Amino acid sequence: MASTQRHRLFIFITLGLLSAIGPFSIDMYLPGFDAIAASLDTTVAHVQLSLTSFFIGIASGQIIYGPLLDRFGRKVPLVVGLIIYIVASISCALTNSADYLVAYRFIQALGSCGGMVASRAMVRDFFGPTESAKIFSLLMLVIGISPILAPTVGSFVMAHWDWHGIFLVLAVMTTCILLAVIFFLPESKGPNPKMSLMPRPITQSYWQVFKNRQFFTYSFAGGLASSGLYAYLAGSPYIMITLYGLNEKQYGLVFALIASALITASQLNRYLLNKYSSEKIARTALIVQSVIGLALVGFCIVGYINLFWMVALIFLFLGSQGFVFPNTSALALSPFDKLAGSASALLGSLQMACGALSSGLVSYFHNGTTIPMAAVMAGCASLSMLILSASFRRPAGSRPDQTRR
């Protein structure tokens, strides 16, 4: 029994590390933007394109890995992806061109997608539909902590080395994860030779996943809810630093405080699942999140909101998200067995696309006030709640599908 528990713990830790590769890759090099720009004789805006290219790589790359994970099993595409990531990271460290850095970051993102998609699919394989919501809650802890730790680690590396060291550290970290995957992580789903990799069958597989009512409902509900987080990430630096006058250190403390709401809620979700169903928790959390979002935008419109209430409302808003993400992810993936890899890839790509759209809307409607961020956050939560509420109006007996296909 103890051996089984240790084995399950190792699987979870490995899947958590795979999930953390993406957040660390995004946030760890942010403290080095100025140094990178100076070193490559370019502007910070040019260096920021490397972050954009990484997001594009994540959004598009996940679609590629889905069919590969279903055709060749989970480990082979995962190992190949991690190797691509390591090579791209070393290339980022050695480049002397900002344009090449942008290109290498895109390739790095393609490699990181293997870990992101495979970890979600393997949660579904190892733990099944009933327990997977609890495991996603634990993964949310890792994903939530990563953006807090990554800039700190990046700053430490910058203080003792330079920006090249950040990408070398990422390469070393991923090499350790790769060795753990190769030698210790068991295969969760064997190859399926019947799975075709021709464009038409792949498109049909994705369409089969997409048209599944349960997947459609919970993937979009979860993706839109997550978009509120991306809207906050896009708008909060300007609001907290420019409008409220926080310095970078103070903003970091506020960022950590708000992130703690997401982390705490995702862990509390594990205990609520012992008493309530995933769909009930998600629906209740979305109602609460929508109310908070509308209150936030209302206060911003009338102009009666200080720093304390801004932080408090965002804290509660993102706390609600900690109950939404694990449950909607588990429910979206639960109907699938043979197509779990494709479902995981499509889920991640839809969530990233919704997040990119929401952050883009915040930038597009930027007017020097708090309203654009608050309005997008409230809109995302409200749309998500409407989608989930509509699904509950199904005829009696049409509950979320927990069967495998």
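Since the structure is predicted, the reported quantities are computational estimates derived from the model, not experimental observations.

Conventions adopted
Residues numbered from 1 in each chain as written. Predicted model: local features only at pLDDT ≥ 70, side-chain atom pairs only at ≥ 80, totals over all residues. Heavy atoms only, no water. Helix = DSSP H or I, 4+ residues; strand = E, 2+ residues; numbered from the N terminus. Contact = heavy atoms within 4.5 Å. Expected span 1.5 Å × (residues − 1). Buried < 20%, exposed > 50% of the residue type's maximum accessible area, 1.4 Å probe, protein only. Polar contact = N/O pair within 3.5 Å; in protein donor to acceptor, adjacent residues only side chain to side chain. pLDDT = per-residue confidence, 0-100. Axes fitted to C-alpha atoms, helices over the stretch in contact; angles between N-to-C directions. Parallel < 35°, antiparallel > 145°, perpendicular 65-115°, else oblique. Left-handed = near helix turned anticlockwise from the far one by under 90°. Nonpolar A, V, L, I, M, F, W, Y, C, P; charged D, E, K, R; others polar. Salt bridge = Lys/Arg side-chain N within 4 Å of Asp/Glu carboxyl O.

Peer 1: Talk me through the side chain of Ser329; I want residue IDs and the actual numbers.
Peer 2: Mapped onto the elements, Ser329 comes out in helix H11 (residues 307–333). Not counting residues within four places of it along the chain, the set of residues in contact with Ser329 comprises Phe136, Leu347 and Gln351.

Peer 1: Let's hear about H11: which residues, and what values?
Peer 2: Taking 1.5 Å of rise per residue, 27 residues should cover 39 Å, and H11 covers 39 Å from first to last C-alpha, within 8% of that figure. Within H11, 21 of the 27 residues are buried, which leaves it mostly tucked inside the rest of the structure. For H11, the N-terminal capping position is held by Asn306, with its side-chain oxygen 3.3 Å away from the main-chain nitrogen of Phe308.

Peer 1: Which residues make up the confidence of the model for the protein, and what values do they have?
Peer 2: Residue-level pLDDT values for the protein average 84, and 94% of them are 70 or greater. Of all helices and strands in the protein, the one with the weakest mean pLDDT is helix H12 (residues 340–364) (79), whereas helix H4 (residues 75–94) scores best (96). This stretch, residues 401–405, has a pLDDT under 50; its non-local contacts, to residues over four places away or in other chains, come to 19 contacts.

Peer 1: Can you explain the packing of H11 against H12? Please cite residues and give values.
Peer 2: Here H11 crosses H12 at 140°, and the two axes come no closer than 10 Å. Relative to H12, the element H11 lies oblique. As H11 packs across H12, the resulting crossing turns out to be right-handed. Counted together, Phe325, Ser329, Ala332 and Leu333 of H11 and Ala343, Ser344, Leu347 and Gln351 of H12 form the full contact between these two elements. In the contact of H11 with H12, the residues fall into five nonpolar, three polar and no charged.

Peer 1: Please set out the environment of Ser97 residue by residue, giving values where relevant.
Peer 2: Relative to the helices and strands, Ser97 resides in the loop between H4 and helix H5 (98–160). Since its relative accessible area comes to 17%, Ser97 is described here as buried. Placed 80 residues apart in sequence, Ser97 and Leu17 show a C-alpha to C-alpha distance of 30 Å. Within the structure, Ser97 has its side chain in polar contact with the backbone nitrogen of Tyr100 (distance 3.3 Å).

Peer 1: Requested: an account of the pattern of salt bridges, with residues and values cited.
Peer 2: Opposite charge on two side chains lets them pair, provided their charged atoms get close. Applying the stated criterion across every chain, the model contains two salt bridges. With its nearest N and O atoms 2.6 Å apart, the salt bridge here joins Arg74 to Asp125. In this pair, Arg74 is assigned in the loop between helix H3 (44–72) and H4 and Asp125 in helix H5, connecting sequence segments 51 residues apart. Neither residue differs from the other here; Arg74 and Asp125 are each classed as buried. Linked through salt bridges whose partners overlap, the residues forming this network are Asp70, Arg74 and Asp125.

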